[in-house]
Each structure stands twice: as structure tokens, then as C-alpha cells.
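Single-letter residue listing:
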Amino acid sequence: VQLVESGGGLVQPGGSLRLSCAASGFTFSRYLMSWYRQAPGKEREFIALISSAGGTTNYADSVKGRFTISRDNAKNTVSLQMNSLKPEDTAVYYCRANLPPVLWGQGTQVTVSS
């Protein structure tokens, strides 16, 4: 049972990145999925969630209109498209599955800097 994030990297302000999270070991399509992030010296914060079938999404105010969460239940993946990136988006981004218990990925670093 695991989640593996990918797609992080260094990007200039105003740029875009697409993060992916590959799930294995559980019935992916049954569970709500979400993305969180943690910046240095700060607590982990909620970014976005998507319902099990993908029909409902929700976003933190800080990313609304810039980030889009999506999922492909046939491929057991959840993605986060990040546009108009800002330096304050710099953080380690984590994928989370609302299994009992909650399952976290290992994280992927996103750095927004010129």
C-alpha cells in the first residue's frame, strides 16, 4: 500500500508544473484523494481534494484559480496542475489517501524561484 509522487522541480515565478501521484495496494477508486504541502518551518497545509469518482473538488483559497486537481481511476493516479506559480508556493507537496488509516506519499519538492 503506497503513494508515490513525482513531477516536482525548480520553476520560475509565473511558470507551471504538473504533479502526479501513483497509488498501489488499495482500491483507489473508492477513496477521496488530496494534496497537501509543507514549507520550511511551517505546518503541513491542505491544498486540494477530489472525491472518489472525481465529481467534487475543493481548494484552499491560496491556490484557487491557479491549481487544478484531477484523477484517473483507470490508472490509479491523482494529479495537481499548478499554474501561475509564486515563490510562496515553494514547499514539499504530498499526496494523501483517506484510507483508514490515512496514507501519505513521500513528497516531492517544488521550488519557485528566479
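Summarised in this report is the structure supplied together with it. Predicted model only: the values in this text are computed from it and were never measured.

**Looking at the pattern of salt bridges**
- Evaluated as defined, the whole model comprises four salt bridges.
- The salt bridge involving glutamate 45 is made with arginine 37; its shortest N-O contact spans 2.6 Å.
- A relative accessible area of 34% means that glutamate 45 is categorised as partly exposed.
- One network of salt bridges, with partners in common, ties together Arg37, Glu45, Arg66 and Asp89.

**Here we look at the packing of aromatic side chains**
- One pass over the full model with this rule turns up five aromatic pairs.
- Taken together, a centroid distance of 5.7 Å and an interplanar angle of 75 degrees make the contact between tyrosine 36 and phenylalanine 46 edge-to-face. Residue tyrosine 36 is found in strand β4 (residues 33-38), and its partner phenylalanine 46 is found in strand β5 (residues 45-50); the two are separated by 10 residues along the sequence.
- The buried category is assigned to tyrosine 36, whose relative accessible area is 16%.
- Exposure remark for phenylalanine 46: the relative accessible area of 25% places this residue in the partly exposed category.
- A centroid spacing of 5.0 Å and a plane angle of 75 degrees characterise the contact between tyrosine 36 and tryptophan 104, whose relative ring orientation is edge-to-face. Residue tyrosine 36 is found in strand β4, and its partner tryptophan 104 is found in strand β10 (residues 103-104); the two are separated by 68 residues along the sequence.
- Using a relative accessible area of 31% as the deciding quantity, one classes tryptophan 104 as partly exposed.
- Aromatic ring contacts, followed pair by pair, group Tyr36, Phe46, Tyr94 and Trp104 into a single cluster.
- The ring of tyrosine 94 has arginine 44 sitting right over it, with the charged end atom 3.7 Å from the ring centre.
- Over the ring of phenylalanine 28 we find arginine 71, and its NZ or CZ is 4.4 Å from the ring centre.

The rules behind each value
- Residues numbered from 1 in each chain as written.
- Predicted model: local features only at pLDDT ≥ 70, side-chain atom pairs only at ≥ 80, totals over all residues.
- Heavy atoms only, no water.
- Salt bridge = Lys/Arg side-chain N within 4 Å of Asp/Glu carboxyl O.
- Buried < 20%, exposed > 50% of the residue type's maximum accessible area, 1.4 Å probe, protein only.
- Phe/Tyr/Trp six-rings, centres within 6.5 Å; stacked < 30°, edge-to-face > 60°.
- Helix = DSSP H or I, 4+ residues; strand = E, 2+ residues; numbered from the N terminus.
- Lys NZ or Arg CZ within 6 Å of the ring centre and 35° of its normal.

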